[in-house]
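The chain contents come next:
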Amino acid sequence: MIAVSLKKEGDYLLVEKELCSLLIQNPEKGLEKIMDQYMAFVYTIVYGKLSSICNKQDIEECVSDIFYEIYRARNIIDLEKGSLKSYLAVLSKRTAIDV
């Protein structure tokens, strides 16, 4: 079992590498950990984009679609190009715009 916890700012990239590695090795567990870590972040972005035009169910479905896309793209996420958090932020904004 891999314990993932964010202890200090310098550990952030290491934690993201561990999360991405877990996502590849054990996709269900990795996705669960990523959702635990970033659900509120993604929801906040999507809510900000959609709250005036969509109901709560539509917003939650959009958030689910984002995490499904992370699951599908697990083999191509490249932390050398940017952080997982920034990837999620861009994906969240683009997915919300497409709703």
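It should be noted that the structure appears before, not after, this text.
This is a predicted model, so every value here is computed, not measured.

A.B. asks: Let's hear about the packing of aromatic side chains: which residues, and what values?
C.D. replies: In the structure shown here, the tally under the stated rule is 1 aromatic pair. Ring centres 6.1 Å apart and planes at 20° place the aromatic pair Tyr43 and Tyr47 in the stacked group. You can see Tyr43 and its partner Tyr47 sitting in helix 2 (residues 27–50), 4 residues apart, about one turn around the helix. The exposure class assigned to Tyr47 is partly exposed, which follows from its relative accessible area of 43%. Here the basic side chain of Arg74 rests over the ring of Tyr71, its NZ or CZ set 4.4 Å away from the ring centre. When the ring centre of Phe41 is taken as reference, the NZ or CZ atom of Lys85 above it lies at 4.9 Å.

A.B. asks: I'd love a proper account of the state of the cysteines, names of residues and values included.
C.D. replies: Disulfides are covalent bonds that connect the sulfur atoms of two cysteines. With the rule as written, the count across this model stands at 0 disulfides. The thiol of Cys54 is not disulfide-bonded; the next cysteine sulfur, from Cys62, is found 7.9 Å away.

A.B. asks: Let's hear about the packing of helix 3 (residues 56–72) against helix 4 (residues 84–97): which residues, and what values?
C.D. replies: Viewed as axis vectors pointing N to C, helix 3 and helix 4 meet at an angle of 130°, and their least axial separation amounts to 10 Å. Comparing their axes, helix 4 and helix 3 come out oblique. Here helix 3 runs over helix 4; the crossing is right-handed. Touching Cys62, Ile66, Phe67, Glu69 and Ile70 of helix 3 are Tyr87, Leu88, Leu91, Ser92, Thr95 and Ala96, all from helix 4. Taken together, the residues of the contact of helix 3 with helix 4 break down into 8 nonpolar, 2 polar and 1 charged.

Calculation rules
Residues numbered from 1 in each chain as written. Predicted model: local features only at pLDDT ≥ 70, side-chain atom pairs only at ≥ 80, totals over all residues. Heavy atoms only, no water. Phe/Tyr/Trp six-rings, centres within 6.5 Å; stacked < 30°, edge-to-face > 60°. Helix = DSSP H or I, 4+ residues; strand = E, 2+ residues; numbered from the N terminus. Buried < 20%, exposed > 50% of the residue type's maximum accessible area, 1.4 Å probe, protein only. Lys NZ or Arg CZ within 6 Å of the ring centre and 35° of its normal. Disulfide = S-S within 2.5 Å. Axes fitted to C-alpha atoms, helices over the stretch in contact; angles between N-to-C directions. Parallel < 35°, antiparallel > 145°, perpendicular 65-115°, else oblique. Left-handed = near helix turned anticlockwise from the far one by under 90°. Contact = heavy atoms within 4.5 Å. Nonpolar A, V, L, I, M, F, W, Y, C, P; charged D, E, K, R; others polar.

From the geometry alone we can't say anything about function, so treat these as descriptive.
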